[in-house]
Amino acid sequence: MEGLLEERRGEWPQDSVCYRLYPPGGQNPAGEGRAELEQRREGIVGRLALLCAGYIWHNEAFRLQCAPARGDVPAHIGGVTNFGDNVDDEWLIVYLIQQITKEFPDLVASVEDNDGAFLLIEAAEYLPKWLNPDTSANRVFFYRGELHIIPIPQNPEERSWLPASNPTIPQALNLLTTHSDKFLAAGPIRKAIWRRLQSYPEKIHADRHRAYCYLPAGIAAVLQHRPDLLAPAVQAFYLRDPIDLRACRPFKLFLPKTRVMTLVKFTKCLYAQLQQQHFMPDRRSGYTLPAQSDQHFKAHALGMKLAHGFEILCSKCLQSLPSSKTGSTISSDPLWEGFINSLKKNNYFRGELEGSSRYKELLQSAEIYFQNSVPRSKSSSALSPGEQVLQLLQTLSYSVEELQKEEDSLLPEDDDSWLDISPEELDQMLEEASGRKLLNSVRQEEELDYDLRDVTKSMKAFVSKVSSHEGAEIPQSSATSQVQFDVNSFTSALDRILGVESDELDSDDVDEEEDYDLVDSETESDSVEGKLEEGMSATETLGNIQDYMEQMDQELAGTHIGKSFTKAADEVGSDRPDVTEEGAGGESEADSEGNLKILPVDVDLNLVENLLESYSSQAGLAGPASNILQSMGIRLPDNQDK
């Protein structure tokens, strides 16, 4: 992804994340300063080796490079990584950036993806009104391990030192280094981001999954030396097309007769992609599967799929590598010596003796990390994953018999029951992701008291909210939100109810009363008469509306429309002697004069009935009723009716 760092967000590939680390004050290193920036990058890469060495990136690795100044963007350290289908790689990068700003407190970092400042999307429920995609540019940064947001000026004093429009990068860096305490993001916003990062660094190891695979010996040998090459092979199989499968009829490199049982280390995302793919091999490939009842069926199926992925990967490369691509080794790279020194300085080898088996394992992981994370010089062309596999097949020496002997000493594979998620576990995951604690998190209806009045209150609050083209606002819980009273809105609403025009309560008229002490009596009387006429006009209007409503009720009383609503129980009860047939149906009754009396509709009861009917029709799936109620923190019990 080199070169993409200087491109705009719209030019990045889909599912890409961009990260930048700026030196203090937005300096533009040149000459000696550029060398210091490169030295800083080497120190960061060496520090992150403790976390990233041995990690299998789904698509592209986290890679830092020095970028020169361009326009109003100062020289900085950064990179662009395409994380593909594994969004956990994106959040791991966020965690790494956050840790870098904590370890190197003078650096200021920004992170964004194809959607922009996705950190704000994670905390969307807690953002201030003014913060939106148009106003968030160059305002969201990590500084000293904490999230900072540069606000817009709210008063004349802040306008003297805060830019009114979106700040430039140098302006933002200067503000952060001089007033960082004023820009610390609000507690709920930082807490929302912390929820996504709190599982790191343990999650790096928790996302690993080891499984038995019945693989050709060549693939087993390659994965022992380069476990990271598993990811492109899985992607080659996962994204295969009929043209790719032609290379597997028959196999040319990884013959089925050389298969051995081995333990392969996946990430959970890669394992799920491979395991959940239903695929039957072509007869011409030479691969066959045992019966599904066989205890090794899963190992055979996984190995067969991986073999197809490696065969497809290598078929897209030249069968014999050009001589220009087979010579250099990692140890000959001029950056390797500085990288090793940085690892030793950060205690990467953990006191292991040089030459011991554990030291060699750590060194092998460091070589893979160096190859993926350190940018190569422009003169040396990098090998594609398929070319790297072919190169390893030419240089590695392995024995099928030796690999078969190792089958008896394999460690046990991991349990993959995490692939099967129950509805209760899914609900819990959604609650944790949203940060809300819903009413029935324990899922034991008999121990919970469901109050349907909460449903009506929440829906009324939702309907009363003002919506716009940006969507409707979900009302907050009254227990956590403060009561706000707007005097101007209240008086305006009262004026509209009383029929008084706003001009009559203009403050200018009150201020000018002292200047008009002598007012003609005829003018005063005319004004009083005008007000009386306006009051009578408002009363007549309300009366006319009431007449129209009564006439509409009388017309609708003779139809069956009212039967679709539940009416409020009348004060007399069910022993009404004068109820007509229509009234017995719950729609109307006759008064003493023989006129039809319309029973009022029970709005709350109809609301609950309609919501329950909609919820029941969802049959346990997601739908409008459950989505609206859950967004307001209310969850209904499962429908137990038969």
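Shown above is the structure to which this text applies.
Just so we're clear, the structure is a prediction, and the values are computed from it rather than from any experiment.

Caption draft 1: Highlighting the overall build of the chain. A tally of helices and strands in the chain yields 24 helices and 10 strands. Within the chain, the fraction of its 642 residues that count as buried is 36%. Taking as baseline every contact in the chain between residues at least 6 positions apart, the subset at least 24 positions apart corresponds to 78%. Of the roughly 38,000 Å² of accessible surface on the chain, a fraction of 50% belongs to carbon and sulfur atoms.

Caption draft 2: View of the packing of helix H12 (residues 297-315) against helix H15 (residues 385-395). It is at 8 Å that the axes of H12 and H15 come closest, and there the two elements cross at 100°. The orientation of H12 with respect to H15, classified from their angle, is roughly perpendicular. From H12, Phe-310, Leu-313 and Cys-314 reach across to H15, where they touch Pro-385, Gly-386, Val-389 and Leu-390. Across the contact of H12 with H15, the residue classes tally to 6 nonpolar, 1 polar and no charged.

Caption draft 3: Examining the nonpolar core more closely. Ranked by internal contacts, the top residues of the largest apolar core, which has 61 residues, are Ile-44, Trp-57, Phe-62, Ile-97 and Ile-100. Tallying contributions element by element places helix H2 (residues 87-103) first for this core, with 8 residues. Look past the residues within four positions of Ile-100 in its chain and what remains in contact with it is Leu-21, Ile-44, Leu-48, Phe-62, Leu-64 and Leu-107. Val-222, Leu-230, Tyr-271 and Cys-314 belong to the second-largest nonpolar core, a separate cluster that totals 38 residues.

Caption draft 4: Examining the pairing of strand S6 (residues 146-149) more closely. For strand S5 (residues 140-143) and S6, the ladder comprises 4 bridges, and the chain directions are antiparallel. Residue pairing for S6: Phe-142 is matched across the bridge by Leu-147. Counting the residues in the hairpin turn of S5 and S6 gives 2 residues, including Arg-144, whose phi is positive at 55°.

Caption draft 5: Region of the structure containing the packing of aromatic side chains. For the structure on display, the rule yields 12 aromatic pairs. Taking 6.0 Å as the distance between ring centres and 55° as the angle between the ring planes, the aromatic pair formed by Tyr-271 and Trp-418 counts as tilted. In this pair, Tyr-271 sits in helix H11 (residues 268-275) while Trp-418 sits in the loop between helix H16 (400-405) and helix H17 (423-434), placing the two residues 147 residues apart along the sequence. A centroid spacing of 5.1 Å and a plane angle of 80° characterise the contact between Tyr-348 and Phe-349, whose relative ring orientation is edge-to-face. Overall, Tyr-348 belongs to the buried group, its relative accessible area being 2%.

Caption draft 6: How the structure looks around the side chain of Asp-228. Locating Asp-228 in the fold gives a position in the loop between helix H8 (217-225) and helix H9 (230-238). Here the side chain of Asp-228 touches Arg-226 through a polar contact of 2.7 Å, side chain to side chain. When near neighbours in sequence (up to four residues on either side) are disregarded, Asp-228 contacts Ile-56, Ile-368 and Asn-372.

Caption draft 7: Structural context of the side chain of Ser-136. Along the polypeptide, Ser-136 turns up in the loop between helix H3 (118-122) and S5. On the basis of relative accessibility, which here comes to 12%, the residue Ser-136 falls in the buried class. If near-sequence neighbours (up to four positions away) are discounted, Ser-136 is found in contact with Leu-120, Leu-131 and Asn-166.

Caption draft 8: Broad picture of the pattern of salt bridges. Tallied over the entire structure, the rule returns 16 salt bridges. With a closest N to O distance of 3.8 Å, Asp-244 and Lys-316 form a salt bridge. Pair noted here: Asp-244 is in helix H10 (residues 242-245) and Lys-316 is in the loop between H12 and helix H13 (336-345), with a separation of 72 residues, a long-range link. With relative accessibility at 12%, the residue Asp-244 sits in the buried group. Members of the salt-bridge network, linked through shared partners, are Asp-88, Lys-203 and Asp-207.

Caption draft 9: Representation of a nonpolar patch on the surface within the structure. Taken together, the side chains of Leu-556, Ile-561, Phe-565, Val-601 and Val-603 make up a nonpolar region of the molecular surface, amounting to roughly 430 Å² of accessible area. In this fold, Val-601 is placed in the loop between strand S10 (596-598) and helix H23 (603-617).

Caption draft 10: The arrangement of the sheet that holds strand S3 (residues 76-82) in detail. Reading across the sheet, the 6 strands line up as S2-S3-S1-S4-S5-S6 and stay open at both edges, with antiparallel pairing between neighbours. Edge strands, defined here as strands with exactly one partner in the open sheet, are strand S2 (65-67) and S6. Each strand axis lies, on average, 35° off the axis of its neighbour in the sheet, ignoring direction. Bridging between strand S4 (residues 108-113) and S5 involves 2 bridges; their strand directions are antiparallel. Within S5, the residue paired with Val-108 across the bridge is Tyr-143.

Caption draft 11: View of helix H24 (residues 624-631). Turning to H24, its buried residues number three or more, namely Ala-625, Ser-626 and Leu-629. Angular distribution of buried residues about the axis of H24 spans 90°; they occupy a single face of the element.

Caption draft 12: Molecular detail of unusual backbone geometry. In this structure, Pro-201 follows Tyr-200 across a cis peptide bond, with omega equal to 5°. Topologically, Pro-201 is positioned in the loop between helix H6 (187-197) and helix H7 (202-206). With an omega dihedral of -5°, the bond running from Arg-249 to Pro-250 counts as a cis peptide bond. For Pro-250, the position within the fold is in the loop between H10 and strand S8 (259-267). In this model, Asn-138 sits at a positive phi of 60°, which is unusual for a non-glycine residue.

Caption draft 13: Summary view of H13. What H13 keeps buried is the set Trp-336, Phe-339, Ile-340, Ser-342 and Leu-343. What you see down the axis of H13 is that its buried residues fit within an arc of 160°, all on one side. Opposite the packed face of H13, turned more than 90 degrees from it, sit the exposed residues Glu-337 and Lys-345. Looking one or two places after H13, you find Asn-347, whose phi comes out positive at around 60°.

Thresholds applied
- Residues numbered from 1 in each chain as written.
- Predicted model: local features only at pLDDT ≥ 70, side-chain atom pairs only at ≥ 80, totals over all residues.
- Heavy atoms only, no water.
- Helix = DSSP H or I, 4+ residues; strand = E, 2+ residues; numbered from the N terminus.
- Buried < 20%, exposed > 50% of the residue type's maximum accessible area, 1.4 Å probe, protein only.
- Contact = heavy atoms within 4.5 Å.
- Areas by Shrake-Rupley, 256 points an atom, 1.4 Å probe, with all protein chains shown as cover.
- Axes fitted to C-alpha atoms, helices over the stretch in contact; angles between N-to-C directions.
- Parallel < 35°, antiparallel > 145°, perpendicular 65-115°, else oblique.
- Nonpolar A, V, L, I, M, F, W, Y, C, P; charged D, E, K, R; others polar.
- Core = buried A, V, L, I, M, F, W, Y, C linked by side-chain atoms within 4.5 Å.
- Pairing = 2+ DSSP bridges.
- Phe/Tyr/Trp six-rings, centres within 6.5 Å; stacked < 30°, edge-to-face > 60°.
- Polar contact = N/O pair within 3.5 Å; in protein donor to acceptor, adjacent residues only side chain to side chain.
- Salt bridge = Lys/Arg side-chain N within 4 Å of Asp/Glu carboxyl O.
- Patch = residues over 30% accessible without salt bridge, like charges linked within 9 Å, V, L, I, M, F, W, Y side chains within 5 Å.
- Arc of directions from axis to C-beta.

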